[in-house]
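Residue strings, one per chain:
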Protein chains: 2
Amino acid sequence: MRPAPERRREILDTAAEVFAAQGYDATTVRRIADAAGLLAGSLYYHFDSKESMLDEILRAFLDELWARYDAVLAALLGPRETLEALVTESFREIDRHRAAVAIYQKESGHLREQPRFGYLAGSQRRFEEAWLTTLERGAAAGVFRTDLDVRLTYRFVRDTVWVAASWYRPGGQHSPEEIARQYLSMVLEGVALRDGHRTYERRTKKE
Amino acid sequence: MRPAPERRREILDTAAEVFAAQGYDATTVRRIADAAGLLAGSLYYHFDSKESMLDEILRAFLDELWARYDAVLAALLGPRETLEALVTESFREIDRHRAAVAIYQKESGHLREQPRFGYLAGSQRRFEEAWLTTLERGAAAGVFRTDLDVRLTYRFVRDTVWVAASWYRPGGQHSPEEIARQYLSMVLEGVALRDGHRTYERRTKKE
DNA sequence: CTCCTTCCCTAACAAGTGTTTGGTAGGTTA
DNA sequence: TAACCTACCAAACACTTGTTAGGGAAGGAG
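Thresholds, definitions, all that
- Residues numbered from 1 in each chain as written.
- Chains lettered and ligands numbered in written order.
- Predicted model: local features only at pLDDT ≥ 70, side-chain atom pairs only at ≥ 80, totals over all residues.
- Heavy atoms only, no water.
- Helix = DSSP H or I, 4+ residues; strand = E, 2+ residues; numbered from the N terminus.
- Buried < 20%, exposed > 50% of the residue type's maximum accessible area, 1.4 Å probe, protein only.
- Contact = heavy atoms within 4.5 Å.
- Areas by Shrake-Rupley, 256 points an atom, 1.4 Å probe, with all protein chains shown as cover.
- Lys, Arg positive; Asp, Glu negative; His and termini not counted.
- Charge placed at Lys NZ, Arg CZ, Asp CG, Glu CD.
- Least-squares fit on C-alpha atoms with pLDDT ≥ 70 in both.
- Axes fitted to C-alpha atoms, helices over the stretch in contact; angles between N-to-C directions.
- Parallel < 35°, antiparallel > 145°, perpendicular 65-115°, else oblique.
- Expected span 1.5 Å × (residues − 1).

Draft legend 1. The arrangement of the overall build of chain A in detail. Secondary structure summary: chain A contains nine helices and zero strands in total. Counting from the amino terminus, helix and strand elements in chain A follow one another as α-α-α-α-α-α-α-α-α. The principal-axis extents of the C-alpha atoms in chain A amount to approximately 65 × 45 × 30 Å. Looking at chain A residue by residue over its 207 residues, the buried ones come to 53%. Of all intrachain contacts in chain A linking residues separated by at least 6 positions in sequence, the fraction that spans at least 24 positions is 69%. Total accessible area computed for chain A in this model is approximately 10,100 Å², and 51% of it derives from carbon and sulfur atoms. Side-chain charges of chain A comprise 31 positive and 32 negative groups, with the mean position of each set lying 3 Å from the other.

Draft legend 2. Fine view of the relation of the copies chain A and chain B. Between chain A and chain B, which share one sequence, the superposing operator has a rotation angle of 180° and an axial displacement of 0.0 Å; the RMSD is 0.0 Å. Classification of the inter-copy transformation places it as that of a two-fold axis. Relative to the rotation axis, the closest C-alpha in chain A is found at A:Gly190, a distance of 1.9 Å. Both copies share a contact surface, since 100% of the interface residues of chain A are interface residues in chain B too.

Draft legend 3. Structural view of the packing of helix α9 (residues 176-189) of chain A against helix α9 (residues 176-189) of chain B. Relative orientation of the contacting elements α9(A) and α9(B) amounts to 120°, with a least axis distance of 5 Å. In terms of orientation, α9(A) lies oblique with respect to α9(B). On α9(B), the residues that touch A:Met186, A:Val187, A:Leu188 and A:Glu189 of α9(A) are B:Met186, B:Val187, B:Leu188 and B:Glu189.

Draft legend 4. Just α9(B), in detail. When the terminal C-alpha atoms of α9(B) are compared, their 19 Å separation across 14 residues agrees well with the 20 Å that a helix rising 1.5 Å per residue should span. Burial runs high along α9(B): 12 of the 14 residues are buried. The secondary structure elements touched by the buried residues of α9(B) are α8 (150-162) and α9 of chain A together with α5 (79-96) and α8 (150-162) of chain B.

This is the structure we're talking about:
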């Protein structure tokens, strides 16, 4: 027998990759099996349904994400530092779970209505609350602007970060931290040039 | 006989709505027919395939979008004014073609590889070029920052605008122009508060 | 009235779907 | 050696999918 206790994880990663590329519904179990190097029926030795694979992928992603987010929130940083930390952690998460994030982005909208995936709605509520309170704290403390609609700002920051999963490829030109830094600079300072504005120093690309 | 020369358009709008909500592959022709008030087979009197419906929806959207974009680009405005006009037109397009935009966002990634939808890749190229040159013009003219990666900035602005289709609902609290104004303010000036920063005046909501 | 066109229905089709069942090669344990 | 377990295959299952063929009701045109 070969080693293969991690064969399950291997298949799951393959499935995530295919789901992210083709969409969940457009992906057949035979396609997954092909990419993983076995036959369709054999998948059911490891998983009890296609839906279970999706469920496991999303749960693993959200669990890890919330572990990081909770650590940031528990540190009780200032609003600006909290925002910076959340954004940075988000990009790191995209770096580690790119496929899962892409799937979440594409499918969570209509999966939320299925009872089995109800936890997606719960997660989104927590998500929204964490960001909104951070933004409101910042507005109250005078570090963020107060002339913007907070919910609009929330969606702006949230989308800005997470859609990066659609184009980000690990091992690319910029590290997750570098991307986070530039994104934060844009979100916080804007892209327009102002007098005396030159706070951001470009880094050389890695390797 | 009832009037109904626009019955075709009616069905197509319904299809777009369902595609946007459930995803193209997850949508069955029976579901579309249900929502449109006829039986599945009857759809084939108006259209010759499910794929044709998708094709027609996306083409109509892109045609209208490019008509507006070309008008903006032909006006030869300054870089900042061009960016503002492009963003505003984009939000107007989301207002008019919300479903089509949402479909485009979700499906264009893997549709692009199909020969029939090759024009999606072409459109994206033109899209990218229009935004990149605007940003580069602005950087050269000293109205945009030069310390940011241009391609990163491009994706930032692009995604920021178009993902709004996932949450925007026409007839909501803010008009497209109002959303465009706040988004532009965030993108250009940033969300951080600075001394003497109070250029943006909040509008009262409509109605 | 009759003919014709428009728009839809009924009923079925073949292909593809997720999933199950029974079997089996080959290593591990006794 | 024999019993056992893991990880897979082969073949089929019931069902759903997009699509087609033939027919028919309703109104306009002659």
